[in-house]
Amino acid sequence: MAWLKSFFIFVIVCSCYLNAVAQRQEILLDQDWKFAKGSFVDAFTTKFNDASWETVSVPHDWAISGPFDKEIDKQVIAITQNGESKPTEKTGRTGALPYIGEGWYRKKLNLPTISANQEVLLQIDGAMSEPKVYLNGKLVGQWNYGYNYFYIDITDHLNKTGNQLAIHLQNKPQSSRWYPGAGLYRNIHVIIKDKKSVDQWGITVTTPVVNTAFAKVNVKTKLTGSNLRLVTQIMDAAGRVVALDTAKTIFGNEADQNIQLSNPKLWSPESPYLYTSVSKVYEGNVLKDVVKTRFGVRSISYDAGRGFSLNGKVRKFKGVCLHHDLGPLGTAINVAALRRQLTILKDMGCDAIRSSHNMPSPEQLELCDEMGFMFLAESFDEWAKTKVENGYHLYFDTDAEKDIVNLVSATKNHPCIVMWSAGNEVPDQFGAEGVKRAKWLQEIFHREDPTRPVTVGMDQVKATMQSGFGALLDIPGLNYRVHLYEEANQAFPQGFILGSETASTVSSRGIYKFPVVKGFDKQYADFQSSSYDMEYCSWSNLPDDDFVMQDDKPWIIGEFVWTGFDYLGEPTPYDSSWPARSSYFGISDLAGLPKDRYYLYRSRWNKTSPTLHILPHWNWEGREGQTTPVFVYTSYESAELFLNGKSLGVRRKDKTSPQNRYRLMWMDVKYEPGTLKVVALDSNGKAVQEAQVSTAGKPHQIVLQADRKELTGDGKDLSFVTVSVLDKAGNLCPTATDELQFDVKGAGRFQAVCNGDATSLESFVKPKMKLFSGKLVVIVQSDGKAGEIILNVTGKNLKSGKINIVSR
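Not measured: the values here are computed from a predicted model.

> Before we move on, can you summarise the overall build of the chain with the specific residues and values?
Counting its regular elements, the chain contains 11 helices and 49 strands. Its C-alpha atoms give the chain a radius of gyration of 28 Å, within 12% of the compact-globule value 28 Å for 808 residues. In the chain, once contacts between residues fewer than 6 apart in sequence are set aside, the share between residues at least 24 apart is 69%. Looking at charge distribution, the chain has the averaged site of its 92 positive side-chain charges lying 4 Å from that of its 90 negative ones.

> Go over the packing of aromatic side chains, please, and point to the residues and values.
Per the counting criterion, the structure on display carries 44 aromatic pairs. Ring plane angle 70° and centroid distance 5.6 Å describe the contact between Tyr145 and Tyr147, whose orientation is recorded as edge-to-face. Comparing Tyr145 with Tyr147 shows no difference in burial state: the two are buried. Residues Trp383 and Phe396 carry aromatic rings whose centres are separated by 6.3 Å and whose planes lie at 25° to one another, so their mutual orientation is stacked.

> An account of the environment of Val778 is needed here, citing residue identities and associated values.
As for its position among the elements, Val778 is in strand S47 (residues 775–782). For Val778, a relative accessible area of 0% translates into the label buried. C-alpha of Val778 to C-alpha of Ile167: the two residues are 611 residues apart in sequence and 32 Å apart in space. What Val778 contacts, discounting residues up to four positions off in sequence, is Ser719, Phe720, Val721, Val723, Phe742, Phe750, Ala752, Val753 and Leu791.

> Help me get a handle on the state of the cysteines, residues and values and all.
As enumerated under the stated definition, the model contains 0 disulfides in all. Unpaired in this structure, Cys416 has its nearest cysteine sulfur neighbour in Cys368, at a distance of 5.2 Å. Cys416 gets classed as buried once you look at its relative accessible area, which sits at 0%. Looking at the unpaired Cys537, the closest cysteine sulfur is the one in Cys321, lying at 14 Å.

> Requested: an account of the sheet that holds strand S3 (residues 54–56), with residues and values cited.
An order of S3-S2-S6-S11-S8-S9 is seen for the 6 strands of this open sheet, with the pairing classed as antiparallel. Sheet topology places S3 and strand S9 (138–142) at the edges, where each strand pairs with a single neighbour. With direction set aside, neighbouring strand axes in the sheet form an average angle of 25°. Summarising the sheet, strand S2 (residues 33–37) and strand S6 (residues 101–109) pair through 4 bridges and their orientation is antiparallel. Across the sheet, residue Lys34 finds its bridge partner in S6, namely Arg106.

> Residues and numbers for the sheet that holds strand S14 (residues 214–224), please.
Sheet strands pair via backbone hydrogen bonds, and the direction of the pair is either parallel or antiparallel. Judged by pairing direction, the sheet is antiparallel, and its 4 strands sit side by side in the order S13-S14-S18-S17 without closing on themselves. What marks the edges here is a single partner per strand, and that holds for strand S13 (197–210) and strand S17 (250–251). Relative to S14, S13 runs antiparallel, the two being bridged by 8 bridges. By the bridge assignment, Val205 is partnered in S14 with Val219.

> A description of helix H4 (residues 396–411) should follow, citing residues and the corresponding values.
A rise of 1.5 Å per residue sets the reference length of H4, with its 16 residues, at 22 Å; its end C-alpha atoms lie 21 Å apart and thus fit the reference within 8%. Those residues of H4 that fall on the buried side of the exposure criterion are Phe396, Asp399, Ala400, Asp403, Ile404, Asn406, Leu407, Val408, Ser409 and Thr411. Turning to H4, the residues buried within the fold contact strand S10 (150–153), S13, helix H3 (362–371), strand S26 (374–378), strand S27 (417–424) and helix H5 (431–448).

> Break down the environment of Cys537 for me, citing the residues and quoting the values.
Tracing the sequence through the fold places Cys537 in the loop between strand S32 (535–536) and helix H9 (543–552). A residue is classified by how much of its surface remains accessible, and Cys537, at 0% relative accessible area, is buried. The sequence separation of Cys537 and Phe520 amounts to 17 residues, and the corresponding C-alpha distance is 4.8 Å. Beyond its immediate stretch of four places on either side in the chain, Cys537 contacts Ser504, Val506, Phe520, Asp521, Thr572 and Phe585.

> How would you sum up helix H10 (residues 596–605)? Please name residues and give values.
Burial analysis of H10 places 9 of its 10 residues in the buried class, which makes it a mostly covered element. Along H10, the residues that are buried comprise Asp596, Arg597, Tyr598, Leu600, Tyr601, Arg602, Ser603, Arg604 and Trp605.

> Which residues make up the side chain of Glu378, and what are the values?
Position of Glu378 relative to the elements: it lies in strand S26. One polar contact links Glu378 to Arg354, side chain to side chain, over a distance of 2.9 Å. Among all residues touching Glu378, those that are not within four sequence positions of it are Arg354, Ser355, Ser356, His357, Asn358, Met359, Pro360, Leu407, Ser421, Gly423 and Asn424.

> Requested: an account of the pairing of strand S49 (residues 801–807), with residues and values cited.
Alternating positions in S49 separate cleanly, Gly801, Ile803, Ile805 and Ser807 being buried on one face and Lys802, Asn804 and Val806 remaining unburied on the opposite face. Sheet topology places strand S42 (residues 710–711) next to S49; 2 bridges connect them, and they run parallel. Paired with Leu711 across the strands is Ser807, a residue of S49. Pairing of strand S48 (residues 787–795) with S49 involves 7 bridges; the strand directions are antiparallel.

> Account for the side chain of His60, naming residues and giving values.
Following the sequence through the fold, His60 ends up in the loop between S3 and strand S4 (75–77). Ignoring sequence-local partners within four residues, the contact set of His60 consists of Phe35, Tyr105, Ala182, Gly183, Leu184, Tyr185 and Ala332.

> If you had to explain the pattern of salt bridges to someone new, which residues and values would you point to?
Under the definition given, this model contains 41 salt bridges. Bridged by salt links that share partners, the residues Arg177, Asp381, Lys387 and Glu570 form one connected network.

> For the packing of helix H2 (residues 335–348) against H3, give the residues involved together with the corresponding values.
Packed helices, taken two at a time, are described by the angle their axes make and the gap between the axes. As a packed pair, H2 and H3 sit with axes 10 Å apart at the nearest point and diverge in direction by 40°. The orientation of H2 with respect to H3, classified from their angle, is oblique. The handedness of the crossing between H2 and H3 comes out as right-handed. Contacts between H2 and H3 involve Val335, Leu338, Arg339, Leu342, Thr343 and Lys346 from the former and Glu363, Gln364, Leu367, Cys368, Glu370 and Met371 from the latter. The residue inventory of the contact of H2 with H3, partitioned by class, reads 6 nonpolar, 2 polar and 4 charged.

> Kindly report on the environment of Tyr601, identifying the contributing residues and their values.
Among the secondary structure elements, Tyr601 is positioned in helix H10. Residue class for Tyr601 comes out buried when judged on its relative accessible area of 0%. Along the primary structure Tyr601 and Thr611 are separated by 10 residues, whereas in three dimensions their C-alpha atoms are 9.7 Å apart. Leaving out residues up to four positions away in the same chain, Tyr601 has contacts with Met348, Ala503, Pro543, Phe547, Glu559, Val561, Ile587 and Asn606.

> Mind laying out unusual backbone geometry, listing which residues take part and the relevant values?
Cis geometry is found at the peptide bond from Trp562 to Thr563, where omega equals -5°. Between Thr572 and Pro573 the backbone carries a cis peptide bond, its omega angle lying at 10°. With respect to the helices and strands, the residue Pro573 is situated in the loop between strand S33 (556–562) and H10. Phi is positive for Asp521, which is not a glycine, with a value near 55°. A positive phi is found at Asp533, a non-glycine position, where the angle reads about 60°. If you trace the backbone, Asp533 turns up in the loop between strand S31 (519–520) and S32.

Conventions adopted
Residues numbered from 1 in each chain as written. Predicted model: local features only at pLDDT ≥ 70, side-chain atom pairs only at ≥ 80, totals over all residues. Heavy atoms only, no water. Helix = DSSP H or I, 4+ residues; strand = E, 2+ residues; numbered from the N terminus. Rg over C-alpha atoms; globule rule 2.2 N^0.38 Å. Contact = heavy atoms within 4.5 Å. Lys, Arg positive; Asp, Glu negative; His and termini not counted. Charge placed at Lys NZ, Arg CZ, Asp CG, Glu CD. Phe/Tyr/Trp six-rings, centres within 6.5 Å; stacked < 30°, edge-to-face > 60°. Buried < 20%, exposed > 50% of the residue type's maximum accessible area, 1.4 Å probe, protein only. Disulfide = S-S within 2.5 Å. Pairing = 2+ DSSP bridges. Axes fitted to C-alpha atoms, helices over the stretch in contact; angles between N-to-C directions. Expected span 1.5 Å × (residues − 1). Polar contact = N/O pair within 3.5 Å; in protein donor to acceptor, adjacent residues only side chain to side chain. Salt bridge = Lys/Arg side-chain N within 4 Å of Asp/Glu carboxyl O. Parallel < 35°, antiparallel > 145°, perpendicular 65-115°, else oblique. Left-handed = near helix turned anticlockwise from the far one by under 90°. Nonpolar A, V, L, I, M, F, W, Y, C, P; charged D, E, K, R; others polar.

Below is the structure:
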C-alpha cells in the first residue's frame, strides 16, 4: 500500500502545482516610484538617470503639499451655470494648489518569469491627467480622461529581465471647476494570467430574479481560448459553496450561466450581504484561470406613481454628492480615509452616494458594497460644449464612448450602483444637438448594461422641458430648482423626479453671524458663512425646502445633497475673494468634522438613534443682552430650552414654515454667560433626553480623540485624531485659534493636518497649524511595521495632549 500512498501524494502535489501556476497574479505597483515635476524630453528612455528624483509611493498627489498661491489657475470668467453674466476674477476655483504642469513617474518592474503561454496587463485606475505610458522606451498606451480606468496589454513589450516603466502626465490650466489633483492618484496594477483565461473585466454578474425563496444568478463570462471548460461556484460570506454550475456551452467565447440560489440573503444599505462568484477555467483537467467576483443579490425598479424600489420595497434616496479629494490628503486614494468618510455619513443616516462629477474609484465602490450605500456613478461634467477652456469637451467626440465602456466594464458587478449618470449641468441641455447627445450616451449605457437606468443632473430645467432632453432620460434628475419640481413632473413622462443635486447651503463650522435671517450669496469681512444654516446661493435653497418636497411628494424619489464634505476649490460665495480656497457647501468640513447642519440631516435621516443638537456655542463676550437665537436640531417633535436654569419655553415642530417644520427655534433669546440646556420631550410631554452647551473659560488643555486606535502596519493605514482645546472645566473653547505643534514617534509618522477653515493658507503637510473654532484633525499613518505610535500635541500656555495608537 506504500506505493498507493505515494501515488496519492504525487497526484496532490501535481494538482497543487497546476493550480499554483494557473492562478492569475495581481501585483500592486505602490512602492519605489521616482517622481519629478517638469518637462524632461528623454525621461521615457531606459537610460535616463532619475537618481535625483523624489522617491514616492503611489497613490500620489503631487500638488497637495502646496503652497497655496492666488495666481495658480486664476480665472477671469463668468460662471454661466451660476447665473453670472459678467466675467470676474476667480481665485481658488481649483484650490489654489500647484496641480498645473507636467510630471513624470518612473519605476523598475521586477516581475516573475513570464512564460510563453502567459500575458501581462498593466491596469491604471486613474491618473491626472492625459497619461502616456512608456515601457522600455516605447509608448505602449495612453488615455485622455484622468478619472477613468484603462489597461494595456504589455506582454510583447517586456524584456526577459530589467523592465523600465515611465508615465508622463500633463495638467492644463482651466481644465477643471474644482481641485482635480495631480499625479498617479489611484492604484496601478500588473495582472499576469494565462492566455487561455477570463478576459479582463470579462465577467458580468446580475440577479434578474429575486425573491425570498430563491434568486436566479446570471453569470456571463468572456473567455479567450478554445476547448475550455468553465465551472462557477457561488460562495456565501462565510466562504461556503452554496451553488455550483458547469457551463454547458461556450458560444463565441462567451458562456452564459443561470444559477439558482436558494433562500438568498439580499443586499441593502441596512444589510449589505455579499456573495462571491468563483469562475474556474479548465483546459481538459488543467486549471488555467480563477477569477473571484463579489456581488450582491438585489432588485431595483423605478416606476411611475411608485418611485424607486429596492428588493420590492419603496424607499427614497438619502444621498450626498462627493468630490473625489480627501481633504488634506488631496486626491490620493486611501481606503482608511474613504472608510472614515462613509462611517461619518452612515451615522448621519445617509444611504446613497453620487460621485460628482466623475467616475468613482474602485476602492470607494468596494466600501459602498461592504458598508451599504447605494451609488449613482457619474461620468462627465462636460460634453461637447465648453464649461472650462481645457475641459472634457476637447475629447468628447473621440473618447466619450470608450470612457463609458470602461466605466461600465470595470464597475458593473458592484451591487451598490443603482443608476448611471451621463453628465452634470452640461451646456448641451439647450437645443436639438444636446438631445441627440443625451440619447446617444444613454444608448451606450443601455448597450453595456441593460439592468440600470441613466440620469443627467439638469439645471436648465425649463430648457430641458422644451427641448425634450429631460423626457428621453430614464430618470430626470433636477439640480436644485425646487420651485420647478411640480411643473417638471407634469412635463416629463417618467412619473417621478430625482433631486440629483440639492440644497447647496453654505456654512463654516462653529461660525455664527447676526442678525439671523434667511438670505442668499451673503458675504462677510472674514470670508466665512454662518452655521445657523440660513444662507444659500442664488440658484439653490435651504435643506428644509428639500425636506418638504421629499416628505410630501411621493413622486420624488430622493435627493443627493451638495455636498457631504467640503472639498478643495469652488469657494462659493467667496470665489472672487482671496484667500478663500475650498468649499463651504459641506455637511462636514474639509477635516471631516461635522458642522451643525450634519445634525439637521441626521435628525431626519437616522431612524435608529435619536438626535439632539443645540447651537450656537455660548461664548459671546460683548453680546450681553443682545438677541442671540438658539436652534435645536432633533428627531423629537418638541423640546424645552433653559438658560441658567430658567425656562425659555417649549417649542414644537409645525408646518407654518419649512424651518419650523424641521427645526426648533427660539429666536428671541438674550445672551448671558452660563449654560444653555435643551430637554427633549416625547409625545406625552415627558423628558427623554438632554443636551447642553456652556460658556467656556480660557483655553487650558489639549484633548485628543482618535477614530481608530489600532492600525494595520502596512504603511498605508491611517488614524484621524481630533484635537480639541478645552478650559479647566472640560468645556470646548469654541473660539480658540491657538497654533499647535505635532510630533509622532514610534511605528508611525505624521501625514497631514487640517482645521476646516476654508481661508487658511497653512500647509497640510507641516506639523503645525492653528485651531479653527477650537478644533483640528491630525492624520497619523502607520509606517509598515508593528509597534506603538505616540502622537504628542503641544501649544503655548496649554497642557499638552498625548495619545497612543497601536500598529499591528
